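# Topology and contacts: notes
Below, each chain spelled out in residue letters.
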Amino acid sequence: MTSLGLTRPLTLQTRLLCAVIGFVSLILIIVAVITSATLGRALEGKLQEQVKTTAAQTTYLTAAQAESSADSGEPITAQTVLAGQHFPSSAVLLAIASADGASGVVATADGTTVLTDTQLIAIDRAVQSSGSASIRLGDLGAFRVTVTQVADARGNEIAIVTGLPPDDRTLAQLLTVITLATLGGLILLALTTAVTIRFSLAPLRAVARTATRVANQPLDRGAVTITERVPATEADPRTEIGIVGASLNTLLDHVNDSLASRQQNEERMRRFVADASHELRTPLASIRGYSELSLRALQTETPGAARTTEDTRMALERIQAQSLRMTRLVEDLLLLARLDEGQELVHGTVDLTQLALEGLADARPTGPNHSWSIDVPEEPVIMPGDAGRLHQVVANLLANARTHTPEGTEITLGVAREGDEALIRVHDNGPGIDPHVREELFARFARGDDSRTRQTGGTGLGLAIAKAIVEGHRGTITVESAPGDTTFTARFPLPAGSAAA
């Protein structure tokens, strides 16, 4: 026996086709049964009327035969009554029971058949309980019979049984027509339903094919782009199945964007690791080299002790400088990691005006050949935040402007209040930023074009740290740059109802 678990499931098209054919077949069968029953009752009523009409005729003929028999003395029989008579029916049964005896015949177009005594007895029994009955007489077929009576000339009653065969051929023909029409209609219905369902499910098959192609596409590694989409003709949102296709296209768009973002993050991570390795390799190589130099100097002879001491001191100074550089890089990376986790910020009340004055004072000695200026309002701009980290934002923006602009560039630090926002701006009239790197300017270890070549030992994390700190204060940082006009703007939301102190 086949297990239920191994039974092949039916397709949606097959289930719909079976359901439609099954329901329509049931309806047609019910209609056929009702029609047959109604027609059968109609034919039965018509037969009963015909029997009554024929019985009236045979009764009249029997009465006339009885009068003739009284004059001639001949007995009354069914044969003599039907002799020379014609009836519309294909066959007429007549049985007569009188004082002279009982007789019966069945008259057809081909002749008459005399009824046997057994058949007469069966007819008598059938009409005993009621005046009408249905009876089958062997090979002669079935008849609907009724009983009438008439008196002869001597006053004796004559029982007359008249019968007609039912019109079974009409009912059989009707059932044949209904059956053939039903079968033909079901075949036509099956064909049209199959075509309609197949056409209607075309969008669903298109969705399945698209989903299969996407499922067979490797998505776990490398640059992945999902170009497969359900055709627009099969994704009409005005239909139920079209909604599925449109939804799948939307889902594939989201997945494709997510994969592109994942690939971009992977590339950024690879660049980050490569840049971090590069940044760490340089001080580590320096530390290793100067360490070996110090060891060789210590192993030299005593006569060159003065020179050895000088070389050792220089090597140790370089080791210390590279160690500090590497320490700054690690600290910057650790700061970025903690800012990404929402840590490292200690909120208090910060005076941005005072912060700008201090930041500019710290930046002037590092860029003596630059022109520095400040633009602050008369009233201090107060906001909640971490004073130390906001000071770092100002320092990083000023250092970025100083590092990537030539000597003599004018750098302006501004603080302002616009509506419910506090602003920090750093503007310079340097060569500007290459548009190709502007989108990645705040990425970690970002590098500008030749007009902003990194000339110091910085880690390349200054703008990334500034962005992380600003976003940690629920703010935004943007840049607008053109040759001779570059402005970094950090915006911070102020509490409702806050005012300058």
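Before reading further, recall that the structure is shown in the block above.
Reading guide: rules and limits
Residues numbered from 1 in each chain as written. Predicted model: local features only at pLDDT ≥ 70, side-chain atom pairs only at ≥ 80, totals over all residues. Heavy atoms only, no water. Helix = DSSP H or I, 4+ residues; strand = E, 2+ residues; numbered from the N terminus. Buried < 20%, exposed > 50% of the residue type's maximum accessible area, 1.4 Å probe, protein only. Contact = heavy atoms within 4.5 Å. Areas by Shrake-Rupley, 256 points an atom, 1.4 Å probe, with all protein chains shown as cover. Axes fitted to C-alpha atoms, helices over the stretch in contact; angles between N-to-C directions. Left-handed = near helix turned anticlockwise from the far one by under 90°. Nonpolar A, V, L, I, M, F, W, Y, C, P; charged D, E, K, R; others polar. Core = buried A, V, L, I, M, F, W, Y, C linked by side-chain atoms within 4.5 Å. Arc of directions from axis to C-beta. Parallel < 35°, antiparallel > 145°, perpendicular 65-115°, else oblique.

Now for the overall build of the protein. Regarding its fold elements, the protein presents eleven helices and 13 strands. Here the protein holds 501 residues, and the buried ones make up 33% of them. A fraction of 63% describes how many contacts in the protein between residues 6 or more apart in sequence connect residues 24 or more apart. Only carbon and sulfur atoms are counted for the fraction: they give 57% of the accessible area of the protein, which is about 29200 Å².

Let us now look at the packing of helix H9 (residues 387-403) against helix H11 (residues 462-472). Viewed as axis vectors pointing N to C, H9 and H11 meet at an angle of 145°, and their least axial separation amounts to 9 Å. With respect to the hand of their crossing, H9 and H11 are arranged in left-handed fashion. Contacts between H9 and H11 pair Arg389, Leu390, Gln392, Val393, Asn396, Leu397 and Asn400 from the former with Gly462, Leu463, Ile465, Ala466, Ile469 and Val470 from the latter. Of the residues contributing to the contact of H9 with H11, the split by class is eight nonpolar, four polar and one charged.

This next bit is on the nonpolar core. Core analysis: the biggest nonpolar cluster contains 39 residues, and Leu352, Met383, Leu398, Leu413 and Phe488 have the highest contact counts within it. Those elements that provide at least two residues to this core are helix H7 (305-340), helix H8 (352-363), H9, strand S10 (410-418), strand S11 (421-428), H11, strand S12 (476-482) and strand S13 (485-493). Those residues within four positions of Leu352 in sequence are excluded, and the remaining contacts are Val381, Met383, Leu390, Val415, Ala422 and Ile424. Counting residues in each nonpolar core, the second largest holds 18 residues, with Val51, Leu61, Ala78 and Val105 among its members.

Every buried residue of helix H3 (residues 117-126) is listed here: Gln119, Leu120, Ile123 and Ala126. On an axial view of H3, the arc spanned by its buried residues comes to 120°, and they lie on one face. Every exposed residue of H3 that faces more than 90 degrees away from the buried side is listed here: Asp117, Thr118 and Arg125. Packed against the buried residues of H3 are strand S1 (91-98), strand S2 (101-108), strand S3 (111-114), strand S4 (132-136) and strand S6 (157-164).

Our focus in this paragraph is the packing of helix H4 (residues 168-200) against helix H5 (residues 202-215). Between H4 and H5, the least distance of the axes is 4 Å, while the angle of their chain directions is 45°. In terms of orientation, H4 and H5 fall into the oblique class. For the pair H4 and H5, contact is made by Arg198, Phe199 and Ser200 and by Ala202, Pro203 and Arg205, respectively. Looking at side-chain class alone, the contact of H4 with H5 contains three nonpolar, one polar and two charged residues.

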